[in-house]
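Close look at the chain arrangement
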Amino acid sequence: MATIDDFIHEPRVAYFSMEIALRNEIPTYAGGLGVLAGDTLRSAADLEIPLVAVTLASTAGYFRQMIDAEGRQTEQTDPWEPSQWAVSLDAIVAVTIEGRRVWIGGWLYVLGGHMNGTQPVVLLDTDLEQNGADDRAITRQLYGGDEAYRLRQEVVLGIGGIRMLQALGFQLRQYHMNEGHSALLALELLRRYAHPTEEVRAGESPYDIPRVRELCCFTTHTPVEAGHDKFGYDLVQRVLGDYIDPLTLRHLAGAEDLNMTRLALNLSEYVNGVARRHAEVSRHMFPGYHVHAVTNGVHPFTWTSVPFRKLFDARLPGWCHEPELLMRAECCIPDESVLMAHEEAKQRLIDEVNTRSGISLSVDCFTLGFARRMTAYKRPDLLFSDLERLQEIARRHPIQIVLAGKAHPKDASGKQLIETLHNHIRELGSVIPVAYLPDYDMATALALVSGVDVWLNTPLRPMEASGTSGMKAAFNGVPHVSVLDGWWIEGCIEGITGWAIGDDASSANGNDAGHLYQKLEQTILPLYYEDRAGWTAIMKGAIAKCASYFNSQRMMRRYASEAYVR
Ligand SMILES: *Cc1c(COP(=O)(O)O)cnc(C)c1O
């Protein structure tokens with residue numbers, strides 16, 4: 001079993017994330033942000049780029065989703081046992097929260113890529129005898145509790161995380177904040193790099209801000225103002241006390257509220273958005289900052305189904321390490337092999353759906369998939385805007401649909417969407433069989449993106465910062481039909497890698513349902529049912545032109561060469 005000593009002999013980049021999808025059995029993630037963090041580490045392991053990740057143990061997980069016959073979501077905790085997967089850390093450190101000393105221990109999880117590389121992951125845990133009951137619960141529930149609970153978690157993650165890495169003896173050369181949740185780490189660095197008091201002139205900051213900026217990089221993921229974590233200064237004062245000079249804090253994090261995104265922006269030399277459009281939107285939202293664009297990617301091995309792994313291994317060996325090789329797919333893989341690999345993945349999905357949902361889907365029927373966090377801007381109901389029209393389309397060319405996704409327990413409109421979808425499922429009856437798989441997780445995601453025929457995305461522009469599930473589909477020869485937002489603005493070559501809904505990235509959101517129906521009826525379904533060769537060309541186009549680029553090996557190489565080596 002690996003220990004900390006295996007990882008402290010060389011300088012590392014500390015990668016901080018509130019959620020990380022380490023593996024399907026460990027429910028310390030809620031959605032795309034956590035999956036991206038996991039894929040980042042898996043690629044860093046493959047490419048042997050030395051990182052150390054810091055996150056919360058989230059021992060009660062995010063939540064387990066149950067859905068009743070009416071489509072009402074209920075939640076249960078989703079506990080996991082860290083000792084089953086990770087080793088207990090020797091060190092404990094403390095932070096001060098609301099004037100109390102809160103002790104933090106934790107776990108070392110060793111994450112493996114698909115090859116020999118590994119990365120250490122430190123899971124912070126306050127569930128220690130030394131702490132009172134409330135403090136023991138700080139690292140329990142991912143995205144649970146109220147605002148004060150969230151701020152306490154962010155103190156543990158950012159401030160506690162830095163102290164823990166130091167106590168464990170890590171040598172750190174850079175700090176990477178994956179989203180603003182961990183931005184308090186930069187305050188801890190400021191305190192560490194403060195000028196000696198006798199050298200500070202009146203009116204000057206006692207902190208060496210340029211020094212801290214050189215050490216930090218920040219990836220923002222949220223293209224809407226409301227999505228950024230903000231805390232009122234009353235609460236901040238109560239939780240942090242005199243941890244940091246209040247004037248400096250207001251100068252760095254905003255005059256009105258402590259805005260975690262602004263704090264991270266002001267204390268990071270390198271800042272990036274997660275797709276080109278998202279970087280543009282972020283530049284408008286935060287004028288005066290240089291926001292780079294590093295488009296997200298997905299981890300090749302993790303997101304490729306077994307039949308396609310075998311096929312790529314045989315035809316394009318080395319594809320996992322260098323997914324660029326997949327650009328040869330069009331010439332080097334026979335059509336028949338692509339179709340057979342897909343049919344195998346589709347059969348697996350359909351067997352699973354039929355067992356789990358009791359609905360009887362057929363391998364011969366065109367299957368559309370949509371699964372993601374259920375939240376208003378993702379518009380999961382767009383496909384069902386006009387049920388008559390959809391049924392009319394399906395009478396000519398049969399359609400079946402598989403859906404999945406969790407709504408945050410406090411997102412009333414997200415939960416309402418799940419109910420609405422269940423109403424539509426009933427109304428569509430036997431004309432269009434629709435299955436909704438509960439408890440969306442990494443395993444369900446892989447089964448879905450590899451087993452459907454087309455993957456759908458319908459976000460409200462410009463709210464999808466990147467989106468990654470469509471990239472996973474591409475690794476499995478499954479083309480994407482989507483509104484032009486996030487990564488799809490870069491990935492879509494109409495009729496070659498998939499299809500756009502609406503004409504361009506600025507077209508009105510209001511016509512999207514009509515465009516989607518038109519594209520299904522006139523382009524996608526006729527091609528699927530009447531032109532096998534044309535269809536296979538698009539499957540290969542998705543592999544050759546999307547999977548070869550939208551992967552986390554490319555993404556990680558860019559972080560390494562642009563953000564970490566400066
Ligand atoms: C990939 C993935 C996501 C993110 O998908 P998007 O397309 O970015 O919404 C969310 N949840 C799970 C379980 C995933 O595997």
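Residues numbered from 1 in each chain as written. Predicted model: local features only at pLDDT ≥ 70, side-chain atom pairs only at ≥ 80, totals over all residues. Heavy atoms only, no water.

Some points on the overall build of the protein chain
Convention followed: By definition, any uninterrupted DSSP run of H or I lasting at least four residues is a helix, any uninterrupted run of E lasting at least two residues is a strand, and each is numbered from the N terminus. Radius of gyration here uses only the C-alpha atoms, and the compact-globule reference equals 2.2 Å multiplied by the residue count raised to the power 0.38. When accessible area is computed with a 1.4 Å probe and restricted to protein chains, residues below 20% of their type maximum are described as buried, those above 50% as exposed, and intermediate ones as partly exposed. Residues count as neighbours in contact if any of their non-hydrogen atoms are within 4.5 Å of one another. Using a 1.4 Å probe, the Shrake-Rupley method yields the accessible areas, and only the shown protein chains count as cover for residues. In this tally Asp and Glu are treated as negative and Lys and Arg as positive; neither His nor the chain ends contributes. Charge placement uses NZ in Lys and CZ in Arg. For Asp and Glu, CG and CD serve respectively.
Secondary structure summary: the protein chain contains 21 helices and 20 strands in total. A compact globule built from 566 residues would reach a C-alpha radius of gyration of about 24 Å, and the protein chain, at 24 Å, matches this within 12%. Dimensions of the protein chain, computed from C-alpha atoms along their principal axes, come out at roughly 80 × 50 × 45 Å. Counting only residues that meet the buried cut, the protein chain has 61% of its 566 residues in that class. Residue pairs at least 24 apart in sequence account for 72% of intrachain contacts in the protein chain once pairs closer than 6 positions are excluded. Taken as a whole, the protein chain presents about 21200 Å² of accessible surface, with 49% of it coming from carbon and sulfur. Averaging the coordinates of the 53 positive side-chain charges in the protein chain and doing the same for the 71 negative ones gives two points 1 Å apart.

Things to note about the nonpolar core
Note the cut-off: Buried residues of nine kinds, namely Ala, Val, Leu, Ile, Met, Phe, Trp, Tyr and Cys, make up a nonpolar core once their side-chain atoms join them within 4.5 Å. Each domain's limits were defined by an automated method or a database of domain assignments.
Counting 90 residues, the largest nonpolar core has Phe-366, Leu-383, Phe-384, Ile-401, Leu-448 and Trp-535 as its most contacted members. If you count residues domain by domain, this core takes at least three from each of domain 1 (4-65 + 74-195 + 205-297 + 556-564) and domain 2 (306-550). When sequence neighbours within four positions are dropped, the list of residues in contact with Leu-448 reads Leu-349, Ala-371, Val-402, Ala-404, Tyr-440 and Trp-455. Counting 74 residues, the second largest nonpolar core, distinct from the first, contains Val-54, Val-122, Ile-162 and Leu-263.

As for the packing of aromatic side chains
Here is the rule: Aromatic contacts are taken between Phe, Tyr and Trp rings whose centres are within 6.5 Å, Trp giving its six-membered ring; a plane angle under 30 degrees counts as stacked, one over 60 as edge-to-face, and the others as tilted. Each ring is checked for a lysine NZ or an arginine CZ that lies within 6 Å of its centre and within 35 degrees of its normal; such an atom marks a charge sitting over the ring.
Tallied over the full model, the rule gives 13 aromatic pairs. Considering the side-chain rings of Phe-366 and Trp-535, the 6.4 Å spacing of their centres and the 80 degrees angle between planes classify their relative orientation as edge-to-face. Highlighted residues: Phe-366 in strand β15 (residues 366-371) and Trp-535 in helix α20 (residues 532-547), separated in sequence by 169 residues. Residue classification places Trp-535 among the buried positions, given a relative accessible area of 2%. Measuring from ring centre to ring centre gives 5.0 Å for Trp-487 and Trp-488, while their planes differ by 65 degrees; the resulting arrangement is edge-to-face. Comparing Trp-487 with Trp-488 shows no difference in burial state: the two are buried. Of the aromatic side chains, those joined through ring pairs into one cluster are Phe-366, Trp-499, Tyr-528, Tyr-529 and Trp-535. If you follow Arg-250 out to its NZ or CZ, it ends over the ring of Tyr-233, 4.1 Å from the centre. For Arg-554, the ring lying beneath its charged end belongs to Tyr-549, and the centroid distance is 4.2 Å.

What about the environment of Arg-566?
When you line up the elements, Arg-566 lands in the segment after α21 (552-564). Since its relative accessible area comes to 46%, Arg-566 is described here as partly exposed. For the pair Arg-566 and Leu-215, spaced 351 residues apart in sequence, the C-alpha separation works out to 9.8 Å. Among all residues touching Arg-566, those that are not within four sequence positions of it are Gln-174, Arg-213, Glu-214, Cys-216, Cys-217, Glu-269 and Tyr-270.

Focus: the pattern of salt bridges
Worth spelling out the cut-off: One side-chain nitrogen of Lys or Arg within 4 Å of one carboxyl oxygen of Asp or Glu is enough to make a salt bridge.
A complete count under the given rule lists 33 salt bridges for this structure. A salt bridge links Asp-39 to Arg-42; the nearest nitrogen and oxygen atoms lie 3.0 Å apart. Taken as a pair, Asp-39 and Arg-42 lie in helix α1 (residues 32-47) at a separation of three residues, close to a single helical turn. For the residue pair Asp-39 and Arg-42, the accessibility class agrees, reading buried in each case. Between Arg-100 and Asp-135 there is a salt bridge whose closest N-O contact spans 2.8 Å.

Topic: helix α10 (residues 276-285)
Selection criterion: What the arc covers is the set of directions going from the helix axis to the C-beta atoms.
By the burial criterion, the buried members of α10 are His-278, Ala-279, Val-281, Ser-282 and Met-285. For α10, the buried positions fall inside an angular range of 160 degrees around the axis, keeping them on one side. Exposed and oriented more than 90 degrees from the buried face of α10 are Arg-276 and His-284. Lining the buried residues of α10 we find α9 (260-266), β13 (270-273) and β14 (291-293).

Considering the pairing of strand β8 (residues 118-125)
To keep things clear, this is the line we draw: One bridge is not enough; two strands pair if DSSP finds at least two bridges between them.
Counted residue by residue, β8 has seven buried out of eight residues, so it is predominantly covered. Relative to β8, strand β2 (residues 51-56) runs parallel, the two sharing four bridges. From the neighbouring strand, Thr-55 faces β8, where its bridge partner is Leu-123. What sits between the antiparallel neighbours strand β7 (residues 100-112) and β8 is a turn of five residues.

Remarks on the side chain of Thr-458
The criterion, for reference: Counting of polar contacts relies on pairs of N or O atoms within 3.5 Å, with two restrictions inside protein: one atom must be capable of donating a hydrogen and the other of accepting it, and residues adjacent in sequence are counted only when both atoms are side-chain atoms.
Assignment of secondary structure puts Thr-458 in the loop between β18 (454-457) and α17 (469-474). Of note is the side chain of Thr-458, whose polar atom sits 3.2 Å from the backbone oxygen of Lys-378. Once you skip the residues sitting within four places of it in the chain, Thr-458 turns out to touch Phe-370, Tyr-377, Lys-378, Arg-379, Leu-382, Val-483, Ile-501 and Leu-516.

Some details on the domain arrangement of the protein chain
The condition that has to hold: The term buried area denotes the loss of accessible surface (1.4 Å probe radius) that occurs when two parts are joined, taken as the sum for both partners. Note that Gly is not counted as nonpolar here; it falls among the polar residues with everything else outside the nonpolar set of Ala, Val, Leu, Ile, Met, Phe, Trp, Tyr, Cys and Pro and the charged set of Asp, Glu, Lys and Arg.
The domain architecture assigned to the protein chain consists of domain 1 (4-65 + 74-195 + 205-297 + 556-564) and domain 2 (306-550). In this structure, domain 1 and domain 2 have C-alpha centres spaced 32 Å apart. Taken together, the contact pairs 33 residues of domain 1 with 34 residues of domain 2. Roughly 2600 Å² is buried in total at the junction of domain 1 and domain 2, and carbon and sulfur atoms are behind 56% of that figure. Looking at the side of domain 1 facing domain 2, the largest losses of area belong to Asn-24, Gln-65 and Arg-277, adding up to 23% of the total buried there. Taken together, the connections running from domain 1 to domain 2 amount to three salt bridges. Summed over the shared surface of domain 1 and domain 2, the number is 14 residue pairs in polar contact (both at pLDDT 80 or more). Listed by contribution, the elements that provide at least two residues to the side of domain 1 that touches domain 2 are α1, β3 (64-67) and α10. Its residues assigned to classes, the side of domain 1 that touches domain 2 comprises 14 nonpolar, 10 polar and nine charged.

Some thoughts on the site of the ligand
This is how the line gets drawn: Neighbouring residues are identified by heavy atoms, a residue being near a molecule or strand if any of them is within 4 Å of it.
Around the ligand, a shell composed of 14 residues is seen, among which Lys-378, Ala-445, Thr-468, Ser-469 and Lys-472 lie nearest. Take Arg-372: an N or O atom from its side chain is 3.4 Å from an oxygen atom of the ligand. Within the contact set of the ligand, an oxygen atom lies 2.5 Å away from a side-chain nitrogen or oxygen of Ser-469. Burial of the ligand by the surrounding chains reaches 95%, relative to a free accessible area of 390 Å². At the level of secondary structure, the elements contributing two or more residues to the shell around the ligand comprise α1, α16 (442-451) and α17. When its residues are assigned to classes, the shell around the ligand shows five nonpolar, five polar and four charged.

Concerning helix α11 (residues 306-315)
Every buried residue belonging to α11 is among Pro-307, Phe-308, Arg-309, Leu-311 and Phe-312, and all of these are buried. Here the buried face of α11 lies against α13 (335-357) and α20.

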